[in-house]
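Observations on the model geometry
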Amino acid sequence: MNIDSQLQPVLQQRHDANLYRVRRVLESPQGTRVTAGGKTYLAFSSNDYLGLANHPEVIDTLRRAAGNCGVGSGASHLINGHSREHHQLEEELAAFTGRPRALLFSTGYMANLGVMDALLGNRDTVVQDRLNHASLLDGGKLCGAQFLRYQHADPGSLATQLQRASGRRKLVVTDGVFSMDGDIAPLPQLAGVVRQHDGWLMVDDAHGFGVLGRNGGGVAEHFNMPPDELPVLIGTLGKSFGVFGAFVAGSEALIEYLIQFGRTYIYTTALPPAIAAATRASLKLLQQESWRREQLAARVEQFKRGATALGLTLMPSATPIQPVLLGDEALTRAVAG
């Protein structure tokens with residue numbers, strides 16, 4: 001039987017179950033209002049929380065850097081694709097996160113898969129929150145380690161699972177801000193449990209960077225967590241940063257280890273250097289313009305008040321800390337203007 005005859009019935013079943021995914025073609029830049037299908041909409045589905053994806057200074061930096069550096073990096077970081085822009089961005093991200101070093105990855109998905117694949121094997125254990133992002137769950141399943149899951153944001157459940165862990169290394173993995181529920185992982189409590197069981201804590205703070213913390217440093221800054229309590233910190237650059245890519249921040253030994261053994265870092269083309277330059281501009285704006293976070297929090301409260309006035313019920317936030325994302329990860333961006 002040919003491939004189509006095998007796949008088409010499965011596609012039809014998905015369509016009949018109202019689960020069929022459809023791509024919408026965006027005809028405008030990211031913003032509070034976007035155009036699709038010739039119509040203008042108020043955007044409720046963007047990760048561009050701080051409005052930096054279409055910022056003139058970021059765009060101008062990208063344009064100038066493309067003229068100076070070209071469009072593509074031409075190779076992986078370990079061949080000859082690691083440019084000055086990449087290196088300076090890594091140093092600035094390390095300073096931003098308060099970690100000794102940072103390492104760029106092409107996407108957050110590749111960072112999550114690559115870190116777990118490098119750190120863990122069939123003699124190890126990975127323990128994950130049940131509501132973790134798909135990239136974290138996939139990384140846990142693909143790395144070959146014993147794979148356990150604890151109840152969402154529940155330190156007691158984590159302790160129970162760590163008692164079951166039989167691995168040489170024990171890696172506990174959680175999102176910082178959970179994109180679908182909008183709550184924040186109780187990192188200080190989780191870190192305490194991890195420490196008691198001689199494990200390591202890894203946090204994907206894709207949705208916390210830029211939003212949480214006085215300087216936008218995310219959950220680590222929000223909870224004032226030093227590197228020894230949170231040794232593996234991951235962030236993406238395509239959300240609050242408004243650009244593209246991802247990074248891992250941690251100790252000198254961790255970053256060197258990932259350079260040697262991180263397959264999704266070693267065997268892929270480096271980000272375009274112009275993107276790295278644009279990200280450096282975005283990072284400066286993110287740190288200097290705290291009013292963007294303040295406005296975001298104000299818009300969240302505005303939306304909550306309006307929804308309540310209309311009799312709409314919102315998902316409760318598990319952590320009463322502002323600013324915090326409510327409901328779907330895009331909710332706050334929709335009212336941030």
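One can find the structure itself at the top, above this paragraph.
In this report, the structure presented in the accompanying data block is examined.

The rules behind the values
Residues numbered from 1 in each chain as written. Predicted model: local features only at pLDDT ≥ 70, side-chain atom pairs only at ≥ 80, totals over all residues. Heavy atoms only, no water. Helix = DSSP H or I, 4+ residues; strand = E, 2+ residues; numbered from the N terminus. Polar contact = N/O pair within 3.5 Å; in protein donor to acceptor, adjacent residues only side chain to side chain. Pairing = 2+ DSSP bridges. Axes fitted to C-alpha atoms, helices over the stretch in contact; angles between N-to-C directions. Contact = heavy atoms within 4.5 Å. Buried < 20%, exposed > 50% of the residue type's maximum accessible area, 1.4 Å probe, protein only. Parallel < 35°, antiparallel > 145°, perpendicular 65-115°, else oblique. Left-handed = near helix turned anticlockwise from the far one by under 90°. Nonpolar A, V, L, I, M, F, W, Y, C, P; charged D, E, K, R; others polar.

1. Focus: the side chain of Ser-135
Examined against the element boundaries, Ser-135 turns out to sit in helix 6 (residues 134-142). At 2.9 Å, the side chain of Ser-135 forms a polar contact with the side chain of Asn-112.

2. Observations regarding the sheet that holds strand 6 (residues 170-175)
In spatial order, the strands read 3-9-8-7-6-4-5; together these 7 strands make up an open sheet with mixed pairing. On the outer flanks of this sheet lie strand 3 (101-105) and strand 5 (146-150), each paired with one strand and no other. The mean angle between the axes of side-by-side strands here comes to 20 degrees, regardless of whether they run parallel or antiparallel. Together, strand 3, strand 4 (125-129), strand 6, strand 7 (200-204), strand 8 (232-236) and strand 9 (246-250) form the strand contacts of helix 5 (residues 108-119), whose direction differs from that of strand 8 by roughly 160 degrees.

3. Examining unusual backbone geometry
A positive phi angle, near 60 degrees, is found at Asn-18, a position not held by glycine. By the element assignment, Asn-18 lies in the loop between helix 1 (3-16) and strand 1 (33-36). A relative accessible area of 71% places Asn-18 in the exposed class. Even without glycine at this site, Asn-224 takes up a positive phi of about 55 degrees. For Asn-224, the location among the structural elements is in the loop between helix 9 (218-222) and strand 8.

4. Topic: the packing of helix 5 against helix 6
How two helices sit against one another is set out by the angle between their axes and by the gap between those axes. Axis separation between helix 5 and helix 6 bottoms out at 8 Å; the angle between their running directions is 25 degrees. The orientation of helix 5 relative to helix 6 falls into the category roughly parallel. Here helix 5 and helix 6 pass one another in a crossing that is right-handed. Taking contact as the criterion, the partners of Tyr-109, Asn-112, Leu-113 and Met-116 in helix 5 are, on helix 6, Ala-134, Ser-135, Leu-136, Asp-138, Gly-139, Gly-140 and Leu-142. In terms of residue class, the contact of helix 5 with helix 6 is built from 6 nonpolar, 4 polar and 1 charged.

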